[in-house]
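# Results of the structural survey
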Amino acid sequence: MSTKENILQIAVTLFSKQGFDGVSMRDLAKSANMSTAAVYHHFPNKQALYLQAMHFAFAKQANAFDAVWQAELGAEEKLGSFVRCLIEVLTTDIDFRRFMQRELLDADDERMQLLAKEVFQVQFNQLMTVIEQISGSQQQVHFSALSVIALVCDIIQMQPLSRHLPGWQAEHEQVDFIADHVLNLLISGIKSKGSF
């Protein structure tokens, strides 16, 4: 791993735990065991570091999502593959999941715009296309795509609480179980109303 990649990996972990405002370039340098000047050699400011850290965190998963969209599958199968891929990413890459959750909680408009444009837009456009193909309609495609992501994210986020609620079973945390359940809800909603 290069020095720059090492800085980015440390930045992802720090940002995921402490948020954008909770991490200084000095904190990062200390965690990376280097001088602050050395960090500034690779990144001109914290905003640039943040954006590259988010790209770095997402790039580890991007190939899996790209494989979903490029596969020779029907729209419903692509939606299923996307849901499974998203579940796997969120359950295996804790730093990435925390990073996203923290940014959504902070809701800084400038950073949200950067994330939307620079990190998530391509995947979101692909998801909207698949939903439009399934529903046969352009109505509410944006909100339907957002609903897919929100449903998966919320299920994963609720797991620590879910374990202590009545009716919980270990299979509720298995990728295939979650994916099948989510897909049944989604496909029913799309087909019955043209959107969720």
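Residues numbered from 1 in each chain as written. Predicted model: local features only at pLDDT ≥ 70, side-chain atom pairs only at ≥ 80, totals over all residues. Heavy atoms only, no water.

Identification of the protein chain as HTH tetR-type domain-containing protein from Methyloprofundus sedimenti is taken from an unreviewed UniProt entry.

## Quick word on the packing of helix H4 (residues 46–70) against helix H7 (residues 109–135)
Put simply, the rule is: Throughout, an axis means a line fitted to C-alpha atoms (over the contacting stretch in the case of helices), and angles, computed between N-to-C directions, take values from 0 to 180 degrees. Numbering of helices and strands starts at the N terminus; helices are DSSP runs of H or I of at least 4 residues and strands are runs of E of at least 2. When describing relative orientation, an angle under 35 degrees is termed roughly parallel and one over 145 degrees roughly antiparallel, while 65 to 115 degrees is termed roughly perpendicular and anything else oblique. Between two residues, a contact is recorded if the distance between any of their heavy atoms is within 4.5 Å. Side-chain classes are defined by residue name, with Ala, Val, Leu, Ile, Met, Phe, Trp, Tyr, Cys and Pro counting as nonpolar, Asp, Glu, Lys and Arg as charged, and the others, Gly among them, as polar.
Viewed as axis vectors pointing N to C, H4 and H7 meet at an angle of 10°, and their least axial separation amounts to 10 Å. As far as their axial angle goes, H7 and H4 are roughly parallel. Side by side, H4 and H7 meet where Gln47, Tyr50, Leu51, Met54, His55, Phe58, Phe65, Asp66 and Trp69 of the first sit next to Glu110, Arg111, Leu114, Leu115, Glu118, Val119, Phe120, Gln123, Gln126, Leu127 and Val130 of the second. Here the residues of the contact of H4 with H7 are counted per class, giving twelve nonpolar, four polar and four charged.

## Comments concerning a nonpolar patch on the surface
This is how it is decided: Patch definition: residues above 30% relative accessible area lacking any salt bridge, with like charges linked at up to 9 Å and the nonpolar side chains Val, Leu, Ile, Met, Phe, Trp and Tyr linked at up to 5 Å. Throughout, the Shrake-Rupley method with a 1.4 Å probe supplies accessible areas, and for residues the shown protein chains are the sole cover considered. Any Lys or Arg side-chain nitrogen found within 4 Å of a carboxyl oxygen on Asp or Glu counts as a salt bridge.
On the surface, Met158, Leu161 and Leu165 cluster together into a nonpolar patch covering about 270 Å² of accessible area. With respect to the secondary-structure elements, leucine 165 resides in the loop between helix H8 (141–162) and helix H9 (175–193).

## With respect to the packing of aromatic side chains
Keep this limit in mind: By convention, a stacked pair of Phe, Tyr or Trp rings (six-membered ring in the case of Trp) has centres within 6.5 Å and planes under 30 degrees apart, an edge-to-face pair has planes over 60 apart, and any other such pair is tilted. Type-normalised accessible area, obtained with a 1.4 Å probe on protein chains alone, sets the label of each residue: buried when under 20%, exposed when over 50%, and partly exposed for intermediate values. Only Lys NZ and Arg CZ are tested; either one counts as a charge over a ring when it is within 6 Å of the ring centre and within 35 degrees of the ring normal.
Per the counting criterion, the structure on display carries ten aromatic pairs. For the ring pair phenylalanine 15 and phenylalanine 20, a centre distance of 6.0 Å and an interplane angle of 15° mean the geometry is stacked. Neither phenylalanine 15 nor phenylalanine 20 differs from the other in exposure class; each is buried. Linked through ring pairs, Phe58, Phe65, Trp69, Phe82, Phe96 and Phe120 together constitute an aromatic cluster. The ring of phenylalanine 20 has lysine 46 lying over it, and the distance from NZ or CZ to the ring centre is 4.3 Å.

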